[in-house]
Amino acid sequence: MHTVKLGLFTLLLLLIGTQGAVADECQLSIDGNDAMAFSKKEMTAPSSCKEVTITLKHVGKMASNAMGHNWVLSKSSDFKDIATAGMAAGLDNNYLPQGDERIIAATKIIGGGESDSVTLTLGELSADEEYTFFCSFPGHWSMMYGSFKII
Ligand code: ZN
């Protein structure tokens, strides 16, 4: 009995410990490279953050018109449609359909050595919804995507 109580108490302490929000938790970063890959397949944002800033860094060398990357967030059910529509939008529009309200957040398309950030308000997202981040450069979304979760 005593052991069980102690176990629960420890668990509680662990939970409290991981939920203590510090500013850094609201700053997320991810890399893209010349091999058409993101450095992460999953990103999580603490629900305690009011806003989350995502910084995308292109750690490769190739130019934006050859191996460009952006970081786009949408509901998982919308991401393939947006990526397909984005192909026709062209580099000048960051390969995204302009004015598309399904796009929750997006950086611009960047090339090797560049970086760009985007800030989103977590209150506009739901912890029950599934979100996907992806690169909308033509052909990249089949490899460059991952899940975005609020925890
Ligand atoms: Zn890309």
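Residues numbered from 1 in each chain as written. Predicted model: local features only at pLDDT ≥ 70, side-chain atom pairs only at ≥ 80, totals over all residues. Heavy atoms only, no water.

This part takes up the confidence of the model for the protein. Scored by pLDDT, the protein comes out at a mean of 89, with 85% of its residues at no less than 70. Within the model, the stretch residues 11–21 combines pLDDT values under 50 with four contacts to residues more than four positions away or in other chains. (pLDDT = per-residue confidence, 0-100. Contact = heavy atoms within 4.5 Å.)

Another aspect to go through is the packing of aromatic side chains. Under the counting rule described, the total for this entry stands at seven aromatic pairs. Site record: aromatic cluster; members linked through ring pairs are Phe 38, Trp 71, Phe 133 and Phe 148. The ring of Tyr 145 is capped by Lys 41, whose NZ or CZ atom sits 4.2 Å from the centre of that ring. (Phe/Tyr/Trp six-rings, centres within 6.5 Å; stacked < 30°, edge-to-face > 60°. Lys NZ or Arg CZ within 6 Å of the ring centre and 35° of its normal.)

Distances from the zinc ion to its protein donors, namely Gly 68 (O), His 69 (ND1), Cys 135 (SG) and His 140 (ND1), fall within the range 2.1 to 2.7 Å. For the zinc ion, the four donor atoms are set out with angles of 77 to 129 degrees between them, so the coordination reads as irregular. (Donors = N, O, S within 2.8 Å, 3.2 Å for Na, K, Ca; no water. Tetrahedral: all angles 85-135°; square planar, octahedral: opposite > 155°, others 65-115°.)

Quick look at the nonpolar core now. Within the largest apolar cluster, 27 residues are counted, with the highest numbers of intra-cluster contacts made by Ile 54, Trp 71, Leu 73 and Phe 148. Of all the secondary-structure elements, those providing two or more residues to this core are strand 1 (27–32), strand 2 (42–45), strand 3 (51–58), strand 6 (115–121), strand 7 (131–134) and strand 8 (145–150). For this core, the element with the highest residue contribution is strand 3, accounting for three residues. In this structure, Leu 73 is in contact with Arg 102, Ile 103, Ile 104, Ala 105, Leu 120, Leu 125, Tyr 131, Thr 132, Phe 133 and Phe 148, ignoring residues within four places of it in sequence. Core analysis: the next-biggest nonpolar cluster, separate from the first, contains seven residues, Phe 79, Leu 96, Ile 103 and Phe 134 among them. (Core = buried A, V, L, I, M, F, W, Y, C linked by side-chain atoms within 4.5 Å. Buried < 20%, exposed > 50% of the residue type's maximum accessible area, 1.4 Å probe, protein only. Helix = DSSP H or I, 4+ residues; strand = E, 2+ residues; numbered from the N terminus.)

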